[in-house]
Amino acid sequence: FLDTSKQAIGMLFIHFANVYLSDLTEEDPCSLYLINFLLDATLGMLLIYMGVRAVSSLVEWQQWESLRFGDYG
């Protein structure tokens, strides 16, 4: 439930941001949504990947056993 609600809130935020930006720029809302989606799917995923790698390296360096990704005992 929490994961689904987080995604729904994020989608609502993106929707209203696109509507607001399209009013400011007089652009087609669909093209802004496509640009936003492509940026999220490329740069957003790259930032998430780099963040996970950085945290994973920190966890390995500090030897925090309970915080290892994918190790559930």
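Structure: see above.
Heads up: these notes are all about the structure in this document. Because the structure is a prediction, the values reported are computed rather than measured. (Residues numbered from 1 in each chain as written. Predicted model: local features only at pLDDT ≥ 70, side-chain atom pairs only at ≥ 80, totals over all residues. Heavy atoms only, no water.)

**A few points about the overall build of the protein chain**
So the rule is basically this: The helix count covers DSSP runs of H or I at least four residues long, the strand count covers runs of E at least two residues long, and both are numbered beginning at the N terminus. The quantity called the radius of gyration is restricted to C-alpha atoms. Its globule counterpart is 2.2 Å times the number of residues to the power 0.38. Burial here depends on accessible area, computed with a 1.4 Å probe over protein chains only, as a share of the maximum for the residue type. Under 20% is buried, over 50% is exposed, and the range in between is partly exposed. Surface accessibility in these figures is a Shrake-Rupley result with a 1.4 Å probe; residues are shielded only by whichever protein chains are displayed.
A count of helices and strands for the protein chain gives two helices and zero strands. Against the 2.2 N^0.38 benchmark of 11 Å for 73 residues, the protein chain shows a C-alpha radius of gyration of 18 Å, more extended than a compact globule. Across the 73 residues that make up the protein chain, the buried fraction comes to 7%. Accessible surface, the protein chain: about 6,600 Å² in total, of which carbon and sulfur atoms supply 69%.

**Examining the pattern of salt bridges**
What counts is decided by this rule: Only one rule defines a salt bridge in this text: a Lys or Arg side-chain nitrogen within 4 Å of an Asp or Glu carboxyl oxygen.
In the structure shown here, the tally under the stated rule is two salt bridges. One salt bridge in this structure joins Glu60 and Arg68, with 3.5 Å as the shortest N-O distance. Given the relative accessible area of 41%, Glu60 is considered partly exposed. Classification of Arg68 as partly exposed rests on a relative accessible area of 24%. Glu65 serves as the salt-bridge partner of Arg68, at 2.9 Å between the closest nitrogen and oxygen.

**Thoughts on a negative patch on the surface**
Where we set the bar: Residues enter patches when their relative accessible area tops 30% and they take part in no salt bridge; the joining distance is 9 Å for like charges and 5 Å for the nonpolar side chains Val, Leu, Ile, Met, Phe, Trp and Tyr. A residue counts as positive if it is Lys or Arg and as negative if it is Asp or Glu; His and the chain ends are not included. A charge is said to be at NZ when it belongs to Lys, at CZ for Arg, at CG for Asp and at CD for Glu.
On the surface, Asp23, Glu26, Glu27 and Asp28 cluster together into a patch of negative charge. Structurally, Asp23 can be placed in helix 1 (residues 2-25). Among the residues examined, Asp23 registers a relative accessible area of 60% and is labelled exposed.

**Some remarks on the packing of helix 1 against helix 2 (residues 29-62)**
Definition in use: Note on geometry: axes are lines fitted to C-alpha atoms, helical ones only across the stretch in contact, with angles between N-to-C directions running from 0 to 180 degrees. An angle counts as roughly parallel when it lies under 35 degrees, as roughly antiparallel when it exceeds 145, as roughly perpendicular when it falls between 65 and 115, and as oblique in every other case. If you view the pair so one helix is near and one far, a crossing is left-handed when the near helix is turned anticlockwise from the far one by less than a right angle, and right-handed when it is turned clockwise. Contact between two residues is taken to exist if any of their heavy atoms lie within 4.5 Å; hydrogens are not considered. Here the term charged refers only to Asp, Glu, Lys and Arg, the term nonpolar to Ala, Val, Leu, Ile, Met, Phe, Trp, Tyr, Cys and Pro, and the term polar to all other amino acids, Gly among them.
Contact geometry of helix 1 with helix 2 gives a least axis separation of 9 Å together with a crossing angle of 125°. One way to sum up the angle between helix 1 and helix 2 is to call them oblique. As helix 1 packs across helix 2, the resulting crossing turns out to be right-handed. Residue-level inspection shows Ile14, Asn18, Leu21, Ser22 and Thr25 of helix 1 in contact with helix 2, the latter providing Pro29, Leu32, Tyr33 and Asn36. Residues belonging to the contact of helix 1 with helix 2 are distributed by class as follows: five nonpolar, four polar and no charged.

**What about helix 1?**
Condition: In a helix, the anticipated span is given by 1.5 Å times the number of residues less one.
Between its first and last C-alpha atoms helix 1 spans 34 Å; for 24 residues at 1.5 Å apiece the expected length is 34 Å, and the two agree. Immediately downstream of helix 1, the backbone of Glu26 shows phi near 55°, a positive value.

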